[in-house]
Amino acid sequence: MAAAVIEIICSVLAALCAGFAFLMFLVIPLPTGSPQLPSGVKPMMEAMMLLFLALAILGIFTGIGLIRLKGWARIITLVWAGISAIFSSFILLFAMFMPFSTVPNQPAESVPLARLVLAFFYGIPFVIAVWWLILFTRTAIVSQFSTSNASIPPGLAVLPGESFPFTAPALAAKPSCPLPLAVVAGFFIFSSFSLAFLVFSHMPAVILGRAIHGPSGTGIWVLSCALYLIAGIGLLLLKPWSHALAMGIQFFWLLSGTISMLSSNYEKVLRETLASMSMTSGQTYTADYFRYIRSFSLIGLMFPVAILGVLIYYRPRFLESASRVSSKL
């Protein structure tokens, strides 16, 4: 109940903030004489606010579903908690270990204060996400969302995608995607909506250390986002081909990102990329900035590696659940 109430409250606040921000970008003009936003920034921000508003509304209904002990609400909460834990931990790593650029006459306490603010705002969602991941996988909690909770023995751990160790049809769990893979699928689906940012910002596609501009670069981003969306939906629907597709996408972008960052012309390609983006065109950057970006990107490679590890480790369980679904059709 406490988790459901917190989810509803946070979702309502997020919906109000996203809706207000959308209206500001939509109807409130910039003051006369103020710097104009680069082309594409306004529609991109409007699209992002609409996405956040939709996710917040989903969170409200999910919280209500938790109160009513709906199984789908528990799964959505676990998937969102996994995604939140990944993003929050990434920002926390950045806040603790990444060097911050300084400017002349900057107060000495500004950098520690910035780290503290980031740790506070991203530490709270990280703690809540870990709490939900532990809470909603406990046997006593899982049994409350089960249609056959009266038959579940005490102390039996039941996870999504796993069946009870009984042969009775009444005790057989419905085949479903293993929880870690469901988190990966949710991450894929959520990532596919980044297409709005990529298109409106005119960001070129960087493939194997080479920046691809124009319609070709946009086409690569559209194809990549579509493949992520298809793979995520396929994983949730237990389609065997979706696992191979997810592995292929992750391996390709991991290989491309590694080659790009280790390339001798990495800084040249990054400068070219930033100069062509509508949000950053005309800005100047120091060598320290590119060193920070390279370090941050290298840390970011841990996540595709972790996703590949999850896909490989849970492949047998996923294929087993997929075969059980196929046998029932």
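Reading guide: rules and limits
Residues numbered from 1 in each chain as written. Predicted model: local features only at pLDDT ≥ 70, side-chain atom pairs only at ≥ 80, totals over all residues. Heavy atoms only, no water. Helix = DSSP H or I, 4+ residues; strand = E, 2+ residues; numbered from the N terminus. Buried < 20%, exposed > 50% of the residue type's maximum accessible area, 1.4 Å probe, protein only. Contact = heavy atoms within 4.5 Å. Areas by Shrake-Rupley, 256 points an atom, 1.4 Å probe, with all protein chains shown as cover. Axes fitted to C-alpha atoms, helices over the stretch in contact; angles between N-to-C directions. Parallel < 35°, antiparallel > 145°, perpendicular 65-115°, else oblique. Left-handed = near helix turned anticlockwise from the far one by under 90°. Nonpolar A, V, L, I, M, F, W, Y, C, P; charged D, E, K, R; others polar. Patch = residues over 30% accessible without salt bridge, like charges linked within 9 Å, V, L, I, M, F, W, Y side chains within 5 Å. Salt bridge = Lys/Arg side-chain N within 4 Å of Asp/Glu carboxyl O. Phe/Tyr/Trp six-rings, centres within 6.5 Å; stacked < 30°, edge-to-face > 60°. Expected span 1.5 Å × (residues − 1). Polar contact = N/O pair within 3.5 Å; in protein donor to acceptor, adjacent residues only side chain to side chain.

### Notes on the overall build of the protein chain
In terms of regular secondary structure, the protein chain is built from 13 helices and two strands. The proportion of buried residues among the 329 residues of the protein chain is 37%. Partitioning the contacts of the protein chain with sequence separation of at least 6, the portion at a separation of at least 24 is 71%. Roughly 18,300 Å² of accessible area belongs to the protein chain as shown, and the carbon and sulfur atoms make up 73% of that amount.

### Overview of the packing of helix α8 (residues 214-236) against helix α9 (residues 240-262)
The relative placement of two packed helices is expressed as an angle between their axes plus a distance between the axes. Relative to each other, α8 and α9 sit at 140°, their axes nearing to 8 Å. As far as their axial angle goes, α9 and α8 are oblique. In the crossing of α8 with α9, the sense of the turn from one axis to the other is left-handed. Across from Ile220, Trp221, Ser224, Leu227, Tyr228, Ile230, Ala231, Gly234 and Leu235 in α8, the residues of α9 making contact are Trp241, Ser242, His243, Leu245, Ala246, Ile249, Gln250 and Trp253. When the residues that make up the contact of α8 with α9 are grouped by side-chain class, the tally is 12 nonpolar, five polar and no charged.

### Details of a nonpolar patch on the surface
Residues Leu113, Leu116, Val117, Phe120, Phe121, Tyr122 and Ile124 make up a contiguous nonpolar surface patch of roughly 700 Å² in combined accessible area. Checked against the element boundaries, isoleucine 124 lands in helix α4 (residues 110-135).

### A closer look at the packing of helix α6 (residues 179-192) against helix α12 (residues 302-313)
Contact geometry for α6 and α12: axes closest at 9 Å, N-to-C directions at 135°. Considering their axes alone, α6 and α12 lie oblique with respect to each other. The crossing of α6 and α12 is left-handed. Listed contacts from α12 to Pro180, Leu181, Val184, Phe187 and Phe188 of α6 are Ile307, Val310 and Leu311. Considered class by class, the residues forming the contact of α6 with α12 number eight nonpolar, no polar and no charged.

### Considerations on the packing of aromatic side chains
Under the counting rule described, the total for this entry stands at six aromatic pairs. With 6.5 Å between their ring centres and 45° between their planes, phenylalanine 187 and phenylalanine 188 make a pair best called tilted. Aromatic side chains tyrosine 313 and tyrosine 314 sit 5.0 Å apart centroid to centroid with 80° between the ring planes, which places their arrangement in the edge-to-face category. Owing to a relative accessible area of 60%, tyrosine 313 belongs among the exposed residues under this scheme. Aromatic ring contacts, followed pair by pair, group Phe187, Phe188 and Tyr228 into a single cluster.

### Examining α6
Its 14 residues place the ends of α6 20 Å apart at the C-alpha level, agreeing with the 20 Å of an ideal helix rising 1.5 Å per residue. The buried count for α6 comes to 11 of 14 residues, which makes it a mostly enclosed element. The complete set of buried residues in α6 reads Leu179, Leu181, Ala182, Val183, Val184, Ala185, Gly186, Phe187, Phe188, Ser191 and Ser192.

### Here we look at the side chain of serine 11
With respect to the secondary-structure elements, serine 11 resides in helix α1 (residues 2-27). Assessed through its relative accessible area of 9%, serine 11 is described here as buried. Engagement of the side chain of serine 11 in a polar contact is seen with the backbone oxygen of glutamate 7, the distance being 2.7 Å. In contact with serine 11, not counting residues within four places along its chain, are Ala56, Gly59 and Ile60.

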